[in-house]
Every structure is written in C-alpha cells, then in structure tokens.
Amino acid sequence: MTLARRLLAGSLVVVMALVAAIVLIAGGRLRDRLVEEKRDELARAGRAIALQWQPGTDPEMLAHRAGDALGYRVTLIDTLGVVVGDAEFGPEARRRLENHLNRPEIVEARNRGLGASRRHSASAGDDELYVAQRHPLGYVRVSLTTRTLDEIVRGAQRDVLVSGLLALLGALALTSLFARSISQPVVELRDVARAIAAGDLHRRPALSAPGEVGDLATALHRMAEQLATRLDALEADDQLMTAVLESLEEGIIALDERGTVIRINERARSLLGVSTPLPFPRELLPRDHTLREAIESALAGATTPSAEASLHERTVAVASRPLGTGGGVVTVLDLTMLRRLETIRRDFVANVSHELKTPLTAVSGYAETLLDDGIPGDQRRRFVETIRENATRMQRIVDDLLDLSRIESGGWRPNVAQVDVGGVVNDVFTAIQPAAAAKHLALVSAVAPDATHVRVDPTAFRQILTNLVENAVRYTREGSVTLRTRKTDEGVWVDVSDTGIGIASEHLPRIFERFYRVDAGRSRAEGGTGLGLAIVRHLVDAHGGRIESTSAVGRGTTISVLLPG
Ligand code: ADP
C-alpha cells in the first residue's frame, strides 16, 4: 500500500472512530441530561398538582385538567394504590387498571416522598418516565413518554453524524491533498534513489518538495553529485591504471584474497595464452610449477624473486609480491628475445673468433718461419704471398663485419637516387669478369626495358649486385650467371640466377644469417666470408625491400631482390 493510501486510510479510521464516539457518548449523555431535566420538570408539575388535590376535589377532573394544561399524563393514586384519576383514561378504563401500589416510582415515593422510574408502560404502550409525589390523599404521578426524548437524542445524533460525515469528507479531501503533496515527492525520491542504485548517476530529484522531504531531496541530490564525482575519479584512475598496465612490457596479473584473477593485461594474456574474461579463478592459468608457486606464495603473503619458466615455448621470468589488502600481483617478463639475442651474440663471437683464427694462425706460423734465415728466396716469397693472402682474407672479414655492424646499428640510412641498372651491372661484371672467365662462365645481363632504373642508394646497390654475382660465380662450376630485372606493382625485382651447385631446401631459409654456410670449407676456399648475403639482406631491408631465394640442388640458384619503386 502506498504512503498516500496509508495516510488516507489512517485518517479515515480516526475520523470515523471520532464520529462514532461522539455519536455514542454524546447521545448517551444528552439522553441522561434530558431525562434528568424532565424528571425535575415532572417533579415540579407533580408538586403543583399536589397543591390542588384537596379532600373533596374530584381527582378524575383534576387529573384531566392538569394533564390537559401541562401536556403530561397525570395519574392520581389513592393510598391503597387504586388509580382514582388519570388524564388519559376515562372512569371505565381507569377501573380496569391494576393496583399501582407496587410500581417502583410509587414504592420510592412512599419511602422518600418522591419517586421516579423509567420503564415500559403496558397501559400507554411505550417507554415512559414516571415521577410520583407522596400526598396525604395518595400519590400524584406525572409521566411522559420518552419517545420525544429519544427523538431529540436521535435528532442530535443525526446532526452530529451528518456533521461528522461532512468533517470526514473534508478530512478526506485535506488528507488526500496532504498525502499527495508528501507522497508524490517521496515516490519520486524513491524512484530516483532506485535509478541511482542501478547505476544511472545522471538522475536527480526535483528540489521543490516542501519541508523534510525537500531536505531529503537536497541530501539525495548532493549524494548523487558526490557519488558521480567519486565514480568519475575512480573511472579516471582505472583508465590510467589500465593505460599504465597495457603499456608495460611485463605481463601483470592481479589476484584478490580468494585467488580470483581480477586484473590481467594484454601482455600477460598473450604470454600465458588466456582469453577468459575477468574475473576468473586462478585454476584457469597455465599449470606451470613456477607460476603456481609464485601465485600461491603471493597469496600467502610472501614475495618471490624472479624465476625462469618455460611457457608455450617462450622463456619467461615470473615474480610475485603480496598486496596489502590480501591477494597478490604476479609479473611475467618475456625473456625469449633476450635469450635468443644472447645466443646469437655468443654464436657470433665464436664465429668471428673461429673465422679469424685460421688465417691468423697461418700468418703467425709463416711469419715465424720467415724469421729463419736459412729459407731460400723463392720459398720465402711463397710464404710472404700466403701471409698476404691470409691478411687479405682477414681484411675482408673485418670489412664485411664493419659494413654489417654499420648497417645493423641503424646509423646507416640509404641515400636514395635514381640509378641506371645497366651501368652498375657493367661495372660489377667488369670487376668479376676475371673470376668468371677463369671458370668459363658467361655473365649475362637482361635488363627489362620497363625496369632500367631503380630508386636506390648507389653504393649499396653496387654492393648488393657484387655480393650476389660473386656468390653466383663462386658456387657455379659451369654454365652462366644471369642478371635480370622485371617490373611489378611493388617495384623492380633484380634476379641473379646461376647454373651452379644449388642449395638444399633445408638450408635455403638460413643462408641470410651471419656466418651461415652450406659448406664452410668450400666457401673459405672460394674466398667467402659467410657474411655476403647477411649484408645484402640488411641493405635491402634498409630500402624497404624484400629478398627471396629459390634453388634446386645441382641445377642452380636464383636470389631475387625487390627494390620498391
Ligand atoms: P659466403 O661468403 O660463404 O658466400 P654468403 O652469405 O654470401 O657467404 O652465402 C651464404 C651461403 O649461402 C654460402 O656459404 C653458400 O653455401 C650459400 N650460397 C650463397 N649463394 C649461393 C649460390 N648462388 N649458389 C649456391 N649456394 C649459395
């Protein structure tokens, strides 16, 4: 039931109870009061009649006259209780009346001089009020039907009832107005409070309600404002936190005191391979021993130092610390790249040392031999020649390493210009011609008419072509080496093909790595350093291009370089 209805019903009950009480209590009082007054009046009338009743007076006549004059029923009763005169009965009827000596009012009058009684009269046929007066000749009794009294009381009660009903209607109208003026703002406040609780923080109550309801509305208004401000601040904090977490290189997982994951950044999701939406139980995280231990000890309130684990073929460092509020934070750092780089660096140092060791040993060995004065001149010359060859080889390795490190360090930027492919090919072919001629290899240039120029750093382009053509000549016993250009949407492709020994498919993806060689002995024997293709790949990358290779063992190889147009 609404507040308004309850107020209405309450006031209805109160007014009705009030009217009922007034009708019943006031009605009763009024009746008593009237009866009392009438009794006094009847007593006075009785006394007046008593004065008239003298010995010798005709009681019959006296009763009638007095009755007519007063408008009451006057009964004269002798000392024996016989009715000797009655205003409402003639002599005949009167004689049939019972002896009145035992009537209560007569009994009382006999004892005390005056008696009154109110009861039903068999002779009159209704309720009567009797007042009897003792008299030397008997009793004077004056009576009155109480019907008129009852009518007066009922009339009064009716009036009270009507006024009560009118008051009730008035009260109802007033209460309903009042109830509405209170309950409407209260209902509105309730709706607004419900909406705010449901998350609609833009709802505000009207502030026009009167009195305490108005105060309540103002308080609710202020509360909603503060709530919105705090939530905005919280949201901003949360966004900041998310931005910070997402920008971290580390994977972060936050758990609450029950061990439920309540926060996880994208990095952690990808490292741990979890896509379950938050929040989720920690059991859904990978079943790795190190990770589990880090989580459990953080939840138990202990910090764990960084420990390495292997997750989804990645090397990660897992560490954890407890949170002050219970729960904990676990960090996962991807070490895969670091470990790979360490391996590459170790291999590189080993490779460089290895590459330099052989020529160095030769140089120092021959130099030591030369110190011996007894060596004949022509032999001495051969030794010096070998020393020079090895020094040149070391020089080449160091040059290549320097080139590579310059390009790799990122400090080198191609100085791009429009370069005529034919001119560079001629220069490169001229330089390599002696080596090719020694093997009877033909150097063929097939520059396409629509791909005569490329946008490239001229020095880098010369180095790319030199390395590729040198390789082709180096690993080809007979046949030819062809340089072709072709235009595509992406730019100009330069293909260097040979009819040489080819590269087995398992080696093909790795030939661009530093010091990777299919046959190290052969490469060294042919003057290779194992760095040529690595340099080419870096130079092409620096131009935003691409390098591809196809090969068939025993039939030949094609290395293709795309230079974006
Ligand atoms: P290298 O100085 O040893 O030639 P590169 O980096 O130029 O070093 O090449 C790496 C390896 O790739 C070579 O050792 C060789 O085994 C293979 N290779 C490169 N080009 C060719 C080719 N045209 N034909 C066959 N094998 C090749």
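Residues numbered from 1 in each chain as written. Predicted model: local features only at pLDDT ≥ 70, side-chain atom pairs only at ≥ 80, totals over all residues. Heavy atoms only, no water.

Some details on the overall build of the protein chain
For clarity, the threshold we go by: The numbering of helices and of strands both runs from the N terminus, where a helix is a DSSP run of H or I of at least 4 residues and a strand a run of E of at least 2. In this treatment the radius of gyration is a C-alpha quantity, and the globule benchmark scales as 2.2 Å times the residue count to the 0.38 power. Relative accessible area decides the class of each residue, using a 1.4 Å probe on protein chains only: under 20% of the type maximum gives buried, over 50% gives exposed, and in between gives partly exposed. Accessibility throughout is a Shrake-Rupley quantity obtained with a 1.4 Å probe, and a residue counts as covered only by protein chains that appear here.
When helices and strands are counted, the protein chain shows 14 helices and 18 strands. For 565 residues, the compact-globule formula gives about 24 Å, and the C-alpha radius of gyration of the protein chain, at 64 Å, lies well above that figure. Overall size of the protein chain, expressed as C-alpha extent along the three principal axes, is 205 × 60 × 40 Å. The buried share of the protein chain, taken over its 565 residues, is 39%. For the protein chain, the accessible surface area stands at approximately 31,700 Å², while carbon and sulfur atoms represent 56% of it.

Digging into the pattern of salt bridges
Which entries qualify depends on this criterion: Counted as salt bridges are all cases of a side-chain nitrogen of Lys or Arg within 4 Å of a carboxyl oxygen of Asp or Glu.
If you walk through the whole model with that rule in mind, you get 36 salt bridges. Across the pair Lys-38 and Glu-41 runs a salt bridge whose closest N-O atoms are separated by 3.6 Å. Placement of the pair is Lys-38 and Glu-41 together in helix α1 (residues 3–52), with a separation of three residues, close to one helical turn. On the basis of relative accessible area, Lys-38 is assigned to the partly exposed category, the value being 22%. Ionic contacts of the salt-bridge type, sharing partners, join the residues Glu-249, Arg-267, Arg-314 and Asp-334 into one network.

Section: the side chain of Gln-133
Worth spelling out the cut-off: Two residues qualify as a contact provided that any one of their heavy atoms is within 4.5 Å of a heavy atom in the partner residue.
Topologically, Gln-133 is positioned in strand β4 (residues 127–135). Apart from residues lying up to four places away in sequence, Gln-133 is in contact with Ala-43, Gly-46, Arg-47, Ala-50, Ala-109, Gly-113, Leu-114, Gly-138, Tyr-139 and Val-140.

Observations concerning the sheet that holds strand β3 (residues 114–120)
Put simply, the rule reads: By the convention used here, strands pair only if DSSP detects at least 2 bridges between them. All axes here are fitted lines through C-alpha atoms, helices being fitted over the stretch that makes contact, and every angle between N-to-C directions spans 0 to 180 degrees.
Read from one edge to the other, the open sheet built from five strands follows the order β2-β1-β5-β4-β3, with strand pairing classed as antiparallel. Since the sheet does not close on itself, it has two edges, and those belong to β2 (83–86) and β3, each with one partner. Between one strand axis and the next, the sheet turns by 20° as a mean value, whatever way the strands run. Lying over the sheet, helix α4 (residues 104–112) contacts β1 (73–78), β3, β4 and β5 (138–145), oriented at roughly 170° with respect to β3.

With respect to the site of the ligand
Put simply, the rule is: Distances are taken per atom, and a residue is near a molecule or strand as soon as one of its heavy atoms is within 4 Å of it. Think of a polar contact as two N or O atoms within 3.5 Å of one another; within protein, one of them needs to be a possible hydrogen donor and the other a possible acceptor, and neighboring residues in sequence only count if both atoms come from side chains.
Around the ligand lies a shell of 19 residues, among which Asn-471, Tyr-475, Asp-498, Ser-523 and Thr-529 are the nearest. Contact distances for the ligand include 2.8 Å between a nitrogen atom and a side-chain N or O atom of Asp-498. A distance of 2.5 Å is found between an oxygen atom of the ligand and a side-chain nitrogen or oxygen belonging to Ser-523. Protein chains shield 97% of the accessible area of the ligand, which is 530 Å² for the free molecule. Elements that contribute at least two residues to the shell around the ligand include exactly α12 (458–474) and α14 (532–542). If you tally residues by element for the shell around the ligand, the top one is α12, at three residues.

Focus: the packing of aromatic side chains
Formally: Any two of the Phe, Tyr and Trp rings considered here, Trp counted by its six-membered ring, make a pair once their centres fall within 6.5 Å; the pair's planes then place it as stacked at under 30 degrees, edge-to-face at over 60, or tilted in between.
Scanning all chains against the criterion turns up two aromatic pairs. When the ring of Phe-348 is compared with that of Phe-515, the centres are 5.7 Å apart and the planes differ by 40°; the resulting orientation is tilted. In this pair, Phe-348 is assigned in helix α9 (residues 336–370) and Phe-515 in the loop between β16 (491–498) and α13 (520–525), connecting sequence segments 167 residues apart. With a centroid separation of 5.0 Å and an interplanar angle of 55°, the aromatic rings of Tyr-366 and Phe-383 are classed as tilted. With a gap of 17 residues between them, Tyr-366 in helix α9 and Phe-383 in helix α10 (residues 377–408) connect regions that are remote in the sequence.

Focus on the environment of Arg-29
Positionally, Arg-29 belongs in helix α1. Remark: the alpha-carbon pair of Arg-29 and Val-153, spanning 124 residues in sequence, is separated by 9.3 Å.

Some points on the packing of helix α11 (residues 421–438) against α12
The axes of two packed helices give the description: the angle between them and the distance between them. Applicable threshold: Handedness of each helix crossing follows the sense of rotation of the near helix against the far helix: counterclockwise by less than a right angle gives left-handed, clockwise gives right-handed. Basically, the charged four are Asp, Glu, Lys and Arg, the nonpolar ten are Ala, Val, Leu, Ile, Met, Phe, Trp, Tyr, Cys and Pro, and anything else, Gly included, counts as polar.
At a minimum axis distance of 10 Å, the contact between α11 and α12 shows a crossing angle of 35°. Remark: the crossing between α11 and α12 carries right-handed chirality. Together, Val-421, Val-424, Val-425, Asp-427, Val-428, Phe-429, Ile-432, Ala-435 and Ala-436 of α11 and Phe-461, Arg-462, Leu-465, Thr-466, Val-469, Glu-470 and Val-473 of α12 make up the contact between the two elements. Residues of the contact of α11 with α12, tallied by class, amount to 12 nonpolar, one polar and three charged.

Here we look at the sheet that holds strand β18 (residues 556–564)
Taken in spatial order, the five strands of this open sheet run β13-β15-β16-β18-β17, and their pairing is mixed. Each of the sheet's edge strands pairs with one partner strand only, and the pair in question is β13 (442–446) and β17 (546–552). Mean inter-strand twist for the sheet, computed between neighbouring axes without regard to direction, equals 15°. In terms of strand pairing, β13 meets strand β15 (residues 480–487) through five bridges, oriented parallel. Counted as the bridge partner of Val-444 is Thr-482 from β15. Packing of α11 onto the sheet brings it into contact with β13 and β15, and relative to β13 it is tilted by some 175°. Strands β17 and β18 of the sheet are contacted by α14, whose axis makes an angle of about 140° with β17.

Brief notes about the pairing of strand β11 (residues 328–334)
Among the seven residues in β11, six count as buried, and that is most of the element. The pairing of strand β10 (residues 314–322) with β11 spans seven bridges and is antiparallel. Across the sheet, Ala-319 pairs through a bridge with Thr-331, a residue of β11. Linking β10 back to β11 in an antiparallel pair, the connection comprises five residues, with Gly-326 at a positive phi of about 95°.

A word on unusual backbone geometry
Most peptide bonds take the trans form, and the phi angle of most residues other than glycine is negative. The omega angle of the peptide bond from Leu-278 to Pro-279 is -15°, so this bond is cis rather than trans. For Pro-279, the location among the structural elements is in the loop between α7 (266–272) and β8 (280–281). Here His-312, not a glycine, exhibits a phi torsion of approximately 50°, which is positive. Within the secondary structure, His-312 sits in the loop between β9 (304–311) and β10. With phi around 60°, His-440 is a residue other than glycine that occupies positive phi space. Its place among the elements puts His-440 in the loop between α11 and β13.

A word on the packing of α9 against α10
For clarity, the threshold we go by: Should an angle fall under 35 degrees it is taken as roughly parallel, and over 145 as roughly antiparallel, whereas 65 to 115 is taken as roughly perpendicular and any remaining angle as oblique.
Here α9 crosses α10 at 160°, and the two axes come no closer than 9 Å. When the axis of α9 is compared with that of α10, the two are roughly antiparallel. Seen from above, α9 lies across α10 with left-handed handedness. Across the interface between the two elements, Phe-348, Val-352, Glu-355, Leu-356, Pro-359, Leu-360, Ala-362, Val-363, Tyr-366, Ala-367, Thr-369 and Leu-370 of α9 pack against Arg-380, Phe-383, Val-384, Thr-386, Ile-387, Asn-390, Ala-391, Arg-393, Met-394, Ile-397 and Leu-401 of α10. Per-class residue counts for the contact of α9 with α10 are 17 nonpolar, three polar and three charged.

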